[in-house]
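Examining the three-dimensional arrangement
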Protein chains: 2
Amino acid sequence: MKEKDLRRSLSVLPIGTVMKLTSLTARQIRYYEEQGLVSPERNDGNRRMYSLNDIDVILEIKDYLDEGLNIAKIQEIYKKRKEDNKNNDTKELTDQEARKILSDELLNIGGLNSHDAANNSF
Amino acid sequence: MKEKDLRRSLSVLPIGTVMKLTSLTARQIRYYEEQGLVSPERNDGNRRMYSLNDIDVILEIKDYLDEGLNIAKIQEIYKKRKEDNKNNDTKELTDQEARKILSDELLNIGGLNSHDAANNSF
DNA sequence: ATTTAATGTAATAACTTCTAACATATTATG
DNA sequence: CATAATATGTTAGAAGTTATTACATTAAAT
């Protein structure tokens with residue numbers, strides 16, 4: 001399920017959309033970024049562009065805050081989570097996976113646009 | 001597979017994103033709309049907002065044009081397709097489906113925002 | 001009583017999109 | 001061939017959206 005991951009990490013949503021999807025204000029969303037909890041990409045005009053993964057993170061932050069955690073605690077959670085992932089990333093990448101990745105890279109030279117992009121369902 | 005359909009029909013992408021994703025100009029994208037081939041929603045500020053389904057349609061239009069079809073032909077294709085769907089929509093909705101829909105409606109009172117929305121993966 | 005944390009608000013600049021109109025290039029048709 | 005139609009380009013001005021920065025405010029912690 002590689003394409004799904006791709007989809008979910010495409011940065012295509014402007015902050016206004018994120019506001020609607022999360023019921024947060026722009027101020028809040030930017031503040032969480034300021035605190036290192038999200039890192040949206042920027043388009044050529046310096047506008048923040050969010051991915052579905054970003055949305056998930058933001059909704060999670062919202063939940064934690066609703067539960068009474070403060071930003072500092074949430075930062076700890078994410079730091080810990082990142083370390084846990086480190087202990088997986090290196091192990092996960094082997095054999096079949098490596099072949100798959102190589103193959104994907106070869107197939108995707110030229111970027112998102114060939115006709116196949118359509119059938120990727122985005 | 002109801003949530004996926006929901007996701008795919010959420011109108012959250014501004015035209016700039018659609019341009020990047022399709023390699024088309026704003027002029028082209030608006031022209032296809034003018035010709036009745038796509039119907040993006042509008043946000044409160046009258047900006048077009050596209051869904052993933054819209055993107056698929058637009059990419060399909062692009063393909064047809066590349067293959068040498070003109071807009072008129074493409075319009076016919078979509079008209080025919082719409083009629084075919086009519087002969088399914090009424091048949092498809094039965095039994096299990098109906099129960100599922102009812103249940104979904106009950107669970108979703110209040111809209112997109114409750115905590116569950118996060119776990120819906122958007 | 002203060003400080004800190006999270007969010008609100010305001011101002012200004014820059015970016016993005018909208019509509020409408022006219023231009024152009026390519027294809028179709030008499 | 002000449003003309004009409006199709007698809008797209010370009011431009012201009014208005015309006016919507018987002019960015020940054022700074023100051024204000026409310027609630028919680030010390």
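Heads up: the structure comes first, above all this text.
Keep in mind that what you see is a predicted model, and the values were worked out from it rather than measured.

Some thoughts on the environment of Tyr32(B)
Within the secondary structure layout, Tyr32(B) lies in helix 3 (residues 26-34). In contact with Tyr32(B), other than residues within four places in its own chain, are Leu24(B), Leu37(B), Val38(B), Ile61(B), Leu65(B) and Ile71(B).

Concerning the packing of helix 2 (residues 15-22) of chain B against helix 4 (residues 52-66) of chain B
The description of two packed helices rests on the angle between their axes and on the distance between the axes. Residue and element names in this part refer to chain B. Running from N to C, helix 2 and helix 4 point in directions that differ by 45 degrees, and their axes come no closer than 11 Å. Considered as vectors, helix 2 and helix 4 are oriented oblique to each other. The way helix 2 lies across helix 4 gives a crossing that is right-handed. Residues Val18, Leu21 and Thr22 of helix 2 touch helix 4, and the partners they reach there are Ile55, Ile58, Leu59 and Lys62. In terms of residue class, the contact of helix 2 with helix 4 is built from 5 nonpolar, 1 polar and 1 charged.

Concerning the environment of Arg7(A)
All names here are of chain A. Summarising the element assignment, Arg7 is placed in helix 1 (residues 2-9). Residue Arg7 is classed as buried on the basis of its relative accessible area, which comes to 16%. Considering only alpha carbons, one finds Arg7 and Asn53, 46 residues apart in sequence, at a separation of 9.3 Å.

What counts as what
Residues numbered from 1 in each chain as written. Chains lettered and ligands numbered in written order. Predicted model: local features only at pLDDT ≥ 70, side-chain atom pairs only at ≥ 80, totals over all residues. Heavy atoms only, no water. Helix = DSSP H or I, 4+ residues; strand = E, 2+ residues; numbered from the N terminus. Contact = heavy atoms within 4.5 Å. Axes fitted to C-alpha atoms, helices over the stretch in contact; angles between N-to-C directions. Parallel < 35°, antiparallel > 145°, perpendicular 65-115°, else oblique. Left-handed = near helix turned anticlockwise from the far one by under 90°. Nonpolar A, V, L, I, M, F, W, Y, C, P; charged D, E, K, R; others polar. Buried < 20%, exposed > 50% of the residue type's maximum accessible area, 1.4 Å probe, protein only.

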